[in-house]
Amino acid sequence: MSFDLHALRDTVASHGVVGRIVIAAHAGSAPRETGTSMLVWDGGQSGTIGGGALEYQAVNALRARLAAPGTTVDKLPLGPALGQCCGGAVTLVSEVFGAADLAQIDPSDAVHARRVSGDADMPLSVTRLVAQARSGQPGPLTFQNGWLAEPVRSQPTPLWVYGAGHVGRAIVGAMAPLPEFAITWVDTELNRFPDHIPASVTALPATNPAATVAMAPSHAQHLILTYAHTLDLELCHQLLSHGFAGAGLIGSKTKWARFQTRLRSLGHADAQIGRITCPIGDPGLGKHPQAIALGVAAALVMQSRSRARDGRKGTQATGGHAKA
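All values derive from a computational prediction rather than experimental measurement.

A.B. asks: Any chance you could break down the pattern of salt bridges for me, citing the residues and the numbers?
C.D. replies: Summed over the entire model, instances satisfying the criterion amount to seven salt bridges. A salt bridge links R32 to E33; the shortest N-O distance between them is 3.8 Å. Taking the shortest distance from any N to any O, the salt bridge between D187 and R192 comes out at 2.9 Å. Residue D187 is classed as buried on the basis of its relative accessible area of 3%. The class of R192 is partly exposed, set by a relative accessible area of 29%.

In structure tokens:
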């Protein structure tokens, strides 16, 4: 869990003043872990800190004071205070952000450290966390002596999804709420997309989807799920010519064997072709669109978080393909 400055900026740009609730500490049984956060604005919210009554009370309290700047810190015993059966306790830090507040946050900082209560100087634990982050090793959220320090989330991974059919819709539905990814969804016509597209997803209608590959950053992940094998093949060809961090293709082993032959004839080496994963998903989950989506999403999330851990250890993340 981390401080997502990019999402906060986007939300403030859309809604003006936005509240943020983060679980700064928890003890015993709690609905969500330390570091879990959500955003709240007049008439809406995103994310969840869980707990039903806990979230309901925290959201209403924060929404009632959106017009007033400042921060509150509340330690809540879940059983006595809210009648929940968890039996643990959580400490919530609730803050209000506007454009002026965001302007004071340095986007280059790897840790967002601030005093949220009291008047104590920055404790040694927070000082160390900031120093470690500057050396490329951001640590976990730290809450001590009225100071809260959170690692700042890096830019989300670009994820390009080609195809708005059943599997494409299932995968986008599963991946869209995850802050680790920024999704661009491509298909041949706007009417092929569902009526409701999550705000975090960019729909890109294109007569020739393969031509959009040139627009994708070289560190993007790609999922090829279109309605036509010819289009799937052309997308694979363009990706191998363009460069990518990972790519997955929907289909059978037979389809992939034929594609490999065709891609070789187009001049691609086996080592490059082998970076495309086909079939995608977890075979043990089955072929239902939602089952494929579960397998693909789990693989991409685990890969993303593994790379983040490697980054915290100071290692260089390497390109590869998603085992999806």
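A.B. asks: Mind laying out the state of the cysteines, listing which residues take part and the relevant values?
C.D. replies: All chains considered together, the criterion is met by zero disulfides. A disulfide-free cysteine, C236 has its sulfur positioned 7.7 Å from the sulfur of C278, the nearest such atom.

A.B. asks: Which residues make up helix α7 (residues 229–242), and what values go with them?
C.D. replies: Between its first and last C-alpha atoms α7 spans 20 Å; for 14 residues at 1.5 Å apiece the expected length is 20 Å, and the two agree. Looking at α7, one finds that the buried residues are L231, D232, L233, L235, C236, H237, L239 and L240. Next to the buried residues of α7 lie β9 (157–162), β12 (221–224), β13 (246–249), α8 (253–265), α9 (270–273) and β14 (276–277). Where α7 terminates, the next one or two residues include G243, which has phi positive at roughly 105 degrees.

A.B. asks: Lay out the sheet that holds strand β8 (residues 147–151) in plain terms, naming residues and giving numbers.
C.D. replies: Strand order in this open sheet of three strands is β6-β8-β7, and the pairing throughout is antiparallel. Every other strand in the sheet has two partners, leaving β6 (111–115) and β7 (142–144) as the edge strands with one partner each. Strand-to-strand twist in this sheet, taken as the mean axis angle between neighbours without regard to direction, amounts to 5 degrees. As judged from the five bridges shared by β6 and β8, these two strands associate in the antiparallel manner. Within the sheet, the bridge partner assigned to R114 lies in β8 and is L148. The strands touched by helix α5 (residues 124–134) within the sheet are β6, β7 and β8, with β6 carrying the most contacts at an inclination of about 160 degrees.

A.B. asks: If you had to explain the sheet that holds strand β1 (residues 18–27) to someone new, which residues and values would you point to?
C.D. replies: Pairing within the open sheet is antiparallel, and its five strands lie in the order β3-β2-β1-β5-β4. Edge positions in the open sheet fall to β3 (44–47) and β4 (71–77), since each of these has one partner strand only. Strand-to-strand twist in this sheet, taken as the mean axis angle between neighbours without regard to direction, amounts to 20 degrees. Of the strand pairs in this sheet, β1 and strand β2 (residues 37–41) are connected by four bridges, and their pairing is antiparallel. Directly across from I21, in β2, lies its bridge partner M38. Strands in contact with helix α1 (residues 5–15) are β1, β2 and β5 (89–97); relative to β2, the strand with the most contacts, it is inclined by about 10 degrees.

The rules behind these values
Residues numbered from 1 in each chain as written. Predicted model: local features only at pLDDT ≥ 70, side-chain atom pairs only at ≥ 80, totals over all residues. Heavy atoms only, no water. Salt bridge = Lys/Arg side-chain N within 4 Å of Asp/Glu carboxyl O. Buried < 20%, exposed > 50% of the residue type's maximum accessible area, 1.4 Å probe, protein only. Disulfide = S-S within 2.5 Å. Helix = DSSP H or I, 4+ residues; strand = E, 2+ residues; numbered from the N terminus. Expected span 1.5 Å × (residues − 1). Contact = heavy atoms within 4.5 Å. Pairing = 2+ DSSP bridges. Axes fitted to C-alpha atoms, helices over the stretch in contact; angles between N-to-C directions.

Keep in mind these values describe shape, not function.
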